[in-house]
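These are the residues of each chain, in order.
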Amino acid sequence: MRAIGVGVLTRRALTSCVVAGAALFGAAGWAAADSPSPSSSTGSDARSGAEGPTEAGTSFRTATAIKPGQRATASASTGDYLYWVVPVDQGQRATVTAKVTLPKAAARHGSATWQLDVYDGLRRRQACRYGAQTKAAAQDADSVELSCALRTVRGWAEPWANDPLPGSYYVRLTVVDLPQADLGLPVHAEVRTDTAEAGGAQAVDGSLAAPLVPGAGAATPQADATAQDDATPQDEETATDEASASPDQPTAAAGPDGGWSSGWWSDRWVWTAVGGLLAALAGIGGYTLTRGSGRPSRVPPGA
């Protein structure tokens, strides 16, 4: 009878563990499916490849802002530096693709080498995990296509590291080698940046105080107001002269559709909770298997 009782308890404990584990895994899957990241780029623009801006900047300060999934175009001259800026949030992997439609072969005098570079909000050139970042186009080629798949953007990194961090990412497209006579020929450029979520496996324990976007380190409005109250007329005149001397302001990429991620949440929390509960259930099951049926009958009372 004791063996039968232990067997029943064992089956019940194991059944309870299986049912609880299935429910927990189902809940985790539901949470991952129904709780999209606020920085996700799976909106209508990303799905349809919506048309973006039809121009490009010529420097970091005048870069044209685009959104992930948009296809930006620009008409330019061979030798120009073309700049775009796009927001990339933590936990995302960005892939930048570019296509340059070249002038007619009869107008060119040789091959040309084009290059696609990506810089983060600190203007640090980022390495590509894979992709043709530099490619030579033969004289008779109609176009050249480039690509750069960036590393996963981290929420935080050591100051000495060159890891990609959330914020504005600058895309630069230019020709780096060509016959001198081909400078100035008209070209047409297309650029697109697609982002994908990397998941909690790439999450880190930390986050920046603010994404790396132009103006992130600027003084707060309250500080500006205090400075203006304390400023003398001569200081105000000097500030006005400096503003008029440098009218160009850095271009800030619009944030992701759902805003920048706060950094504290990732699906690692879900799986950590699931693992803890399953471990607790396994402990209860093991105790049930090993505790026995109580005091042996052969032991005299009071012993």
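Our structure's up above, just so we're on the same page.
As a starting point, this report considers the structure included with it. (Residues numbered from 1 in each chain as written. Predicted model: local features only at pLDDT ≥ 70, side-chain atom pairs only at ≥ 80, totals over all residues. Heavy atoms only, no water.)

All chains considered together, the criterion is met by 8 salt bridges. Residues Arg71 and Glu51 are paired through a salt bridge, measuring 2.5 Å at the closest nitrogen-oxygen approach. Taken together, the residues Arg71 in strand E2 (residues 71–77) and Glu51 in the loop between helix H2 (44–48) and strand E1 (64–65) connect sequence positions 20 residues apart. Of the charged contacts, one joins Asp194 and Arg192 as a salt bridge, the two residues approaching to 2.9 Å between their closest N and O atoms. (Salt bridge = Lys/Arg side-chain N within 4 Å of Asp/Glu carboxyl O. Helix = DSSP H or I, 4+ residues; strand = E, 2+ residues; numbered from the N terminus.)

This paragraph deals with the state of the cysteines. Defined simply, a disulfide is a covalent bond joining two cysteines at their sulfur atoms. By the definition in use, this model includes 1 disulfide. One disulfide bridge connects Cys128 with Cys148, the sulfur atoms lying 1.9 Å from each other. Between Cys128 and Cys148, the disulfide has an S-S torsion of -100° and is therefore left-handed. Note that Cys128 is positioned in strand E6 (residues 128–130) and Cys148 in strand E8 (residues 143–150), a separation of 20 residues in sequence. For Cys148, a relative accessible area of 0% corresponds to the buried category. (Disulfide = S-S within 2.5 Å. Buried < 20%, exposed > 50% of the residue type's maximum accessible area, 1.4 Å probe, protein only.)

Further remarks concern the packing of aromatic side chains. Scanning the entire structure with this criterion turns up 3 aromatic pairs. With a centroid separation of 5.3 Å and 80° between ring planes, the pair formed by Phe60 and Tyr170 is classed as edge-to-face. Residue Phe60 is located in the loop between H2 and E1, and its partner Tyr170 is located in strand E9 (residues 167–177); the two are separated by 110 residues in the primary sequence. One exposure class covers both Phe60 and Tyr170, and it is buried. Grouping aromatic residues by their ring pairs yields a cluster made of Phe60, Tyr83, Tyr119 and Tyr170. (Phe/Tyr/Trp six-rings, centres within 6.5 Å; stacked < 30°, edge-to-face > 60°.)

With 8 of 8 residues buried, strand E5 (residues 112–119) is to be regarded as a mostly interior element. Neither face of E5 is open: one carries Ala112, Trp114, Leu116 and Val118, the other Thr113, Gln115, Asp117 and Tyr119, and all of them are buried. Sheet analysis places E5 next to strand E7 (residues 134–137), joined by 4 bridges and oriented antiparallel. Residue pairing in the sheet places Trp114 in a bridge with Lys135 of E7. Where E5 and E9 come together, 7 bridges link them in antiparallel fashion. The residue of E9 that forms the bridge with Val118 is Val171. (Pairing = 2+ DSSP bridges.)

What follows covers the side chain of Asp163. On the secondary structure map, Asp163 appears in the loop between E8 and E9. Of note is the side chain of Asp163, whose polar atom sits 3.4 Å from the side chain of Arg154. Aside from chain neighbours lying at most four places away, what touches Asp163 is Arg124, Gln126, Arg151, Arg154 and Ala157. (Polar contact = N/O pair within 3.5 Å; in protein donor to acceptor, adjacent residues only side chain to side chain. Contact = heavy atoms within 4.5 Å.)

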